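Listed here are the chains, written in short residue letters.
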Amino acid sequence: LGSFPRQLILTIDAIPDDDICTGTKSKFTVLLKTILYTTDSLAGYEIDISYDTSKVVIDQALKVKTISNKIPSSNFFFRIREPGIASVIGFLDYNEGYLSGDSILVVLSGFWKNPLCTDSTIVKIAEFIPAFEFGTEDRPIVLNNTCLLFNRTKESLSSSIELTDSKSVVDSIEYEKLK
């Protein structure tokens with residue numbers, strides 16, 4: 001009996017870098033996570049990330065302290081392929097081995113266009129293309145490709161509710177600032 005090739009699972013996740021309440025450019029970080037073994041024979045990739053251009057800007061890809069750190073800077077590229085599609089391409093030099101690790105493959109960062117309102121958007125892996133030979137057989141690739149991104153940290157909204165009498169309730173949230 002032959003062995004079934006291992007699945008490659010690529011997951012997208014995001015974390016906000018600062019709180020929207022500061023009124024500055026509200027930054028975010030998108031993480032692409034996976035587990036890669038040298039036997040997977042992944043020497044490079046092209047990843048397209050889709051996003052809503054009316055809400056966010058993705059402005060860079062980073063490889064420091066990721067699985068992609070092994071890729072030479074001369075072989076690591078970030079570009080906006082078209083409005084709403086950020087593309088990252090990375091590949092090892094010939095005979096430099098393969099990418100491996102149980103960690104973050106690559107990081108993208110960006111900012112919200114309107115940092116003064118509470119909002120959310122979807123960021124997705126639109127496509128993942130392995131470069132060169134990727135294993136010796138057809139390899140199933142699973143994309144956990146949808147991430148809901150918020151421009152407010154959960155801890156940033158605090159409120160208190162006060163019962164002044166049996167007929168009125170007062171809370172401390174300034175709703176005009178949340179629009």
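These numbers come from a predicted model, not from an experiment.

So, the side chain of Ser50
Then, in step 1: Within the secondary structure layout, Ser50 lies in strand E3 (residues 44-50).
Then, in step 2: The residues contacting Ser50, other than those within four sequence positions of it, are Gly84, Ile85, Ile122, Val123, Lys124 and Ala126.

What about the packing of aromatic side chains?
Then, in step 1: Summed over the entire model, instances satisfying the criterion amount to 2 aromatic pairs.
Then, in step 2: Judged by centre distance (6.3 Å) and plane angle (70 degrees), the ring pair of Phe28 and Trp112 falls under edge-to-face. With Phe28 in strand E2 (residues 27-36) and Trp112 in strand E7 (residues 101-112), this pair connects stretches of sequence that are 84 residues apart.
Then, in step 3: You can call Phe28 buried: its relative accessible area is 0%.
Then, in step 4: Given a relative accessible area of 2%, Trp112 falls into the buried group.

So, the pattern of salt bridges
Then, in step 1: Overall, the coordinates contain 3 salt bridges when judged by the stated rule.
Then, in step 2: Asp48 is the salt-bridge partner of Arg81, the closest N and O atoms lying 3.2 Å from each other. You can see Arg81 sitting in strand E5 (residues 76-82) and its partner Asp48 sitting in strand E3, a full 33 residues away along the chain.
Then, in step 3: In this structure, a network of salt bridges that share partners links the residues Glu46, Asp48 and Arg81.

Re the confidence of the model for the protein chain
Detail in the predicted coordinates should be disregarded across regions flagged by low pLDDT.
Then, in step 1: Mean pLDDT over the protein chain stands at 77; residues scoring 70 or higher make up 66%.
Then, in step 2: Long-range and interchain partners of residues 154-159, a stretch whose pLDDT sits below 50, account for 7 contacts in this model, where long-range means more than four residues apart.

What to know about the pairing of E2
Then, in step 1: In terms of residue burial, E2 counts as a mostly covered element, since 7 of its 10 residues are buried.
Then, in step 2: In this sheet, E7 lies alongside E2 in antiparallel orientation, the contact comprising 10 bridges. Paired with Leu36 across the bridge in E7 is Gly101.

So, the pairing of E5
Then, in step 1: Across 6 bridges, the pairing between E5 and strand E6 (residues 85-91) is antiparallel. Residue Ile80 lies in a different strand from E6, and its bridge partner there is Ala86.
Then, in step 2: What sits between E5 and E6 in their antiparallel hairpin is a turn of 2 residues, with Gly84 showing a positive phi close to 90 degrees.

Points about the nonpolar core
Then, in step 1: In this structure, Leu32, Tyr45, Ile47, Ile49, Leu99, Leu105 and Leu108 are the most contacted members of the largest nonpolar core, which totals 32 residues.
Then, in step 2: Put simply, the parts of the chain that give this core at least two residues each are strand E1 (8-16), E2, E3, strand E4 (56-62), E6, E7, strand E8 (120-130) and strand E10 (146-150).

Thoughts on the environment of Val106
Then, in step 1: Locating Val106 in the fold gives a position in strand E7.
Then, in step 2: Residue Val106 is classed as buried on the basis of its relative accessible area of 0%.

Here's the deal with the environment of Ile80
Then, in step 1: Along the chain, Ile80 turns up in strand E5.
Then, in step 2: Accessibility expressed as a relative area gives 39% for Ile80, which makes it partly exposed.
Then, in step 3: The spatial distance from the C-alpha of Ile80 to the C-alpha of Asp59 is 8.4 Å, given a sequence separation of 21 residues.
Then, in step 4: Ignoring sequence-local partners within four residues, the contact set of Ile80 consists of Tyr51, Ile58, Ile85 and Ala86.

Details of unusual backbone geometry
Then, in step 1: You will see that Ser41, though not glycine, has its phi angle at about 60 degrees, which is positive.
Then, in step 2: Residue placement: Ser41 occurs in the loop between E2 and E3.
Then, in step 3: Even without a glycine there, the phi angle at Lys65 is positive, about 60 degrees.
Then, in step 4: Here Lys65 lies in the loop between E4 and E5.
Then, in step 5: By relative accessible area, Lys65 is classed as exposed at 75%.

What counts, and where the lines are drawn
- Numbers given for residues are sequential positions, taken from 1 along each chain in its written order.
- Per-residue local features of the predicted model are confined to residues with pLDDT of at least 70, and side-chain atom pairs are confined, for both listing and counting, to 80 or more; whole-chain, interface and lining totals are unaffected and use all residues.
- Neither water nor hydrogens contribute to the side-chain values; these are computed over all heavy atoms in the structure.
- Strands are runs of DSSP state E lasting at least 2 residues, helices are runs of H or I lasting at least 4, and numbering of each runs from the N terminus.
- Contacts between residues were defined by any pair of non-hydrogen atoms, one from each residue, lying within 4.5 Å.
- Aromatic pairs are defined between Phe, Tyr and Trp rings, using the six-membered ring for Trp, whenever the two ring centres lie within 6.5 Å; interplanar angles under 30 degrees are classed as stacked, those over 60 as edge-to-face, and all others as tilted.
- Working definition: with a 1.4 Å probe on protein chains only, accessible area under 20% of the residue-type maximum means buried, over 50% means exposed, and in between means partly exposed.
- Any Lys or Arg side-chain nitrogen found within 4 Å of a carboxyl oxygen on Asp or Glu counts as a salt bridge.
- Known as pLDDT, the predictor's per-residue confidence is scaled from 0 to 100.
- Between any two strands, at least two bridges found by DSSP are needed for them to pair.
- Side-chain atoms within 4.5 Å link the members of a nonpolar core, which is a set of buried Ala, Val, Leu, Ile, Met, Phe, Trp, Tyr and Cys residues.

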